[in-house]
Amino acid sequence: MADRVTVIGWDGSPLTAAARSALSAATLVAGAAHHLALPEVPAGAERIRLGSVGLAARRIAGHRGSAVVLADGDPGFFGVVRTLRAPEHGLEVEVVPAVSSVATAFARAGMPWDDAQIVVAHRRTLRRAVNVCRAHPKVAVLTSPGAGPAELALLLEGVHRTFVICEELGTDREQVTVLTSDKAADHAWRDPNVVIVIGGAGTAAVQGGGWIAGHEPGYPSAVRGWALPSQAYGHAYGEGPGEGESVQLRAAQLARLGPRIGDLVWDIGSGSGALAAEAARFGAAVIAVDVDADACARTDATARHAGAQLQVVQGRAPHVLERLPEPDVVRIGGGGVPVVTACADRRPQRIVTHASTRDEAEAIGAALAAGGYEVECALLQCVDMDTTAWAERERSVVFLVSGRRVESAP
C-alpha cells in the first residue's frame, strides 16, 4: 500500500530534475489530461484522470508502488495538497512546487500582488467572490467553468472595474487581455484562466507598500475603532446625525449585522453614510440606498474620507431594491414595515432596524417573524455628556429591532 505521494506542480516550463526523477519512477500518475500527455509520464504507469481529488487519494492509498500527482502551478496554493494530506488517507506528501498561476498572472500584468485579495470562484462561491471584487481594489480570481470572466462581469453590473484576463498561462495558447468589466461578458474565454480585477478607491500607487499580505497599503484605516463620531468621517462638528444614526445605535446595529469579507450589505436609508462606511471597513461589499440626493452625496463623501469602497444607489425603497443583488445582511434606516417585508422576502441572514415607539417596534417584529426570522428587541437609552461641565448634552431613546433568519423557514 502506498503511504507516500509526490505532488509535482507544473507551470508550463520544463520540469525540474527532482520532478523528472520522481516521475520516471512512478507506477501511478494522476493529473489532468494535459498533464498525463507530458512525455515524461512513464508509458507503463497507471494513469488516473484527476477529477475528484478525494477519490484519487483513496486510489493512491490502495496502490502498491510509487505514486505521483501532477497539478497546475503551486499545488499547495488552493491546490490538491490540502486534500491529499487529509488524515483519513494516511499519505505522506512530498511537494515539488512550481510558480502559482496567480504569481504568473500578476507577473504578466507587471503588478505587485502582496496587497491583493485572492479568491476561488466556482458556482457555489461565485457570488461571494464578486462581493470581494466589489469591496477591494485589487482581487485575483481563480475561475472555473461556469464561474469565469463573463459571469463575474454580469454580477458586477453597475460597478466599474478593469479586468486583466490571463488564459491558459504557461501554454502555447497563453493570452492576456485587458478590458473594462462591462465588455467581458461579450467574449468567450478559455479555461483555465485567472482574472485580476482592479478598480475603485485605493488603487493609486503607495510608496513602501504594506506589511501584511492580502491588504492594500493603509488598510485598515489609520483611524482606530468603529462606531466613530461623525467628525471622524469629515463631517463638521455639530453636524448632527439623522434620526436613528446615533453612535451607540450604530455600534449595536453593526454588532448584530456582523459584516465580513465576502458579504454584501444593504444599508437602506444610509443618511450620513457612517454605517455603510464602517461595514465596508470590515471588508464587506456595501450598497448604500437613499432617496435623498444630498444623503447619497454625503454617503459617497464619507466613504472616500474613510478610504472605503461602496456603491451608492439613489432611489425609494422598497421599489429600488428589486434590481439590487442578493444581500447577506441588511440595515434599514427608515421605511417601516413595507421595507422590512421587502427585505425579508430576499432572505438575508440578518436584518437590523430601529423604531421610535413600542407600537412601531411590535409591527416590525411581527413582519420579521412572518418572514421566518427570530426576532430580538432591546430598548436603548443613551445620554451624551458634556465632559467640560459633566452635564447632559443630549438624550436618545430608541428600540433596536433585529431578525436572524431561521434556516428551516420556508
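Preceding this section is the structure that the text describes.
Residues numbered from 1 in each chain as written. Predicted model: local features only at pLDDT ≥ 70, side-chain atom pairs only at ≥ 80, totals over all residues. Heavy atoms only, no water.

Caption draft 1: Quick peek at the overall build of the chain. When its secondary structure is counted, the chain shows 13 helices and 17 strands. Expressed as lengths along the three principal axes of its C-alpha atoms, the size of the chain is roughly 85 × 50 × 45 Å. Partitioning the intrachain contacts of the chain with sequence separation of at least 6 by distance along the chain shows that 62% fall at a separation of at least 24. When the accessible surface of the chain is split by element, carbon and sulfur atoms take 53% of a total near 19,800 Å². If you average the places of the 38 positive and of the 45 negative side-chain charges in the chain, the two averages end up 5 Å apart. (Helix = DSSP H or I, 4+ residues; strand = E, 2+ residues; numbered from the N terminus. Contact = heavy atoms within 4.5 Å. Areas by Shrake-Rupley, 256 points an atom, 1.4 Å probe, with all protein chains shown as cover. Lys, Arg positive; Asp, Glu negative; His and termini not counted. Charge placed at Lys NZ, Arg CZ, Asp CG, Glu CD.)

Caption draft 2: Local environment of the pattern of salt bridges. Taken as a whole and judged by the stated rule, the model has 22 salt bridges. Across the pair Lys-138 and Asp-115 runs a salt bridge whose closest N-O atoms are separated by 2.9 Å. With Lys-138 in strand 7 (residues 138–142) and Asp-115 in the loop between helix 5 (101–109) and strand 6 (117–120), this residue pair connects regions lying 23 residues apart in the sequence. Residue Glu-326 pairs with Arg-346 through a salt bridge whose shortest N-O separation is 2.9 Å. Here Glu-326 is found in the loop between strand 13 (311–314) and strand 14 (329–332), whereas its partner Arg-346 is found in the loop between helix 12 (336–344) and strand 15 (350–355), with 20 residues between them in sequence. Each of the salt bridges in this network shares a partner with another, and the network as a whole consists of Arg-127, Arg-128, Arg-260, Asp-263 and Asp-328. (Salt bridge = Lys/Arg side-chain N within 4 Å of Asp/Glu carboxyl O.)

Caption draft 3: Looking closely at the sheet that holds strand 1 (residues 4–10). Across the sheet, which stays open at both edges, the five strands sit in the order 3-2-4-1-5 with parallel pairing between neighbours. Each edge of the sheet is formed by a strand with only one pairing partner; in this case those strands are strand 3 (46–49) and strand 5 (92–96). Taken pair by pair, the neighbouring strands of this sheet meet at an average axis angle of 20 degrees, ignoring direction. Running at roughly 135 degrees to strand 1, helix 1 (residues 17–24) makes contact with strand 1, strand 2 (28–31), strand 4 (67–72) and strand 5 of the sheet. (Pairing = 2+ DSSP bridges. Axes fitted to C-alpha atoms, helices over the stretch in contact; angles between N-to-C directions.)

Caption draft 4: Spatial organisation of the sheet that holds strand 14. Overall, mixed pairing links the seven strands, which are arranged 13-12-11-14-15-17-16 in an open sheet. Edge positions in the sheet fall to strand 13 and strand 16 (373–386), since each has one partner strand and no second. Sheet twist, expressed as the mean angle between neighbouring strand axes with direction ignored, is 20 degrees. By the bridge criterion, four bridges tie strand 12 (residues 285–290) to strand 13 in an arrangement that is parallel. Residue pairing for strand 13: Ala-288 is matched across the bridge by Val-312.

Caption draft 5: Structural view of the nonpolar core. With 27 residues, the main nonpolar core has Trp-266, Ile-268, Leu-321, Ile-332, Cys-343 and Ile-351 as its most contacted residues. Of all elements in the fold, only strand 11 (264–268), strand 12, strand 14, helix 12, strand 15, helix 13 (358–370) and strand 17 (391–405) reach the threshold of two or more residues within this core. Here this core takes five residues from helix 12, the largest share from any one element. Ignoring any residue separated from it by four or fewer positions in sequence, one finds Ile-268 in contact with Val-289, Ala-317, Leu-321, Val-330, Arg-331, Ile-332, Gly-333, Gly-334, Val-339 and Cys-343. (Core = buried A, V, L, I, M, F, W, Y, C linked by side-chain atoms within 4.5 Å. Buried < 20%, exposed > 50% of the residue type's maximum accessible area, 1.4 Å probe, protein only.)

Caption draft 6: How the structure looks around helix 1. All buried positions along helix 1 are accounted for by Ala-19, Ala-22 and Leu-23. Projected down its long axis, helix 1 shows its buried positions confined to an angular sector of 95 degrees, all on one face. What points out from helix 1, more than 90 degrees from its buried face, is the exposed set Ala-17 and Ser-24. The elements touched by buried residues of helix 1 are strand 1, strand 2, strand 4 and strand 5. (Arc of directions from axis to C-beta.)

Caption draft 7: Up close: the state of the cysteines. With the rule as written, the count across this model stands at zero disulfides. Left unpaired, Cys-377 is separated from the closest cysteine sulfur, that of Cys-382, by 14 Å. (Disulfide = S-S within 2.5 Å.)

Caption draft 8: A look at the packing of aromatic side chains. Summed over all chains, the structure comprises three aromatic pairs. Centre to centre, the rings of Phe-77 and Phe-78 are 5.1 Å apart; their planes meet at 75 degrees, and the pair counts as edge-to-face. Here Phe-78 falls in the exposed class, since its relative accessible area comes to 52%. Aromatic side chains Trp-226 and Phe-282 sit 5.9 Å apart centroid to centroid with 70 degrees between the ring planes, which places their arrangement in the edge-to-face category. Taken as a pair, Trp-226 in the loop between strand 10 (193–198) and helix 9 (247–257) and Phe-282 in the loop between helix 10 (274–281) and strand 12 lie far apart in primary sequence, 56 residues in all. Assessed through its relative accessible area of 42%, Trp-226 is described here as partly exposed. (Phe/Tyr/Trp six-rings, centres within 6.5 Å; stacked < 30°, edge-to-face > 60°.)

Caption draft 9: Region of interest: helix 12. Listed as buried for helix 12 are Val-339, Val-340, Ala-342, Cys-343 and Ala-344. In this structure, the buried side of helix 12 is in contact with strand 11, strand 14, strand 15, helix 13 and strand 16.

Caption draft 10: Seen up close, the environment of Arg-58. Relative to the elements of secondary structure, Arg-58 occurs in helix 3 (residues 53–61). Taking the C-alpha atoms as reference, Arg-58 lies 6.4 Å from His-89; in sequence the two are 31 residues apart.

Caption draft 11: A look at the pairing of strand 13. Across the two faces of strand 13 the burial differs, with Gln-311 and Val-313 buried and Val-312 and Gln-314 not buried at all. For the handedness criterion, the β-α-β arrangement of strand 12, helix 11 (residues 293–306) and strand 13 is classed as right-handed. (Right-handed = clockwise from strand over helix to strand, strands pointing away.)

Caption draft 12: Layout of the side chain of Thr-143. Relative to the helices and strands, Thr-143 resides in the loop between strand 7 and helix 7 (149–155). Setting aside residues up to four positions removed in sequence, Thr-143 forms contacts with Ala-121, Gly-148, Pro-149, Asp-191, Asn-193 and Val-195.

Caption draft 13: Broad picture of the pairing of strand 4. Most of strand 4 sits inside the fold, with five of its six residues counted as buried. Of the pairings in the sheet, the one linking strand 1 to strand 4 comprises six bridges and is parallel in character. Its bridge partner being in strand 4, Trp-10 is matched across the sheet by Asp-72. Two strands pair when backbone bridges link them, and strand 2 and strand 4 are joined in this way by three bridges, in the parallel orientation. Along strand 4, the bridge assignment pairs Val-29 with Val-68.

These figures capture arrangement, not role.
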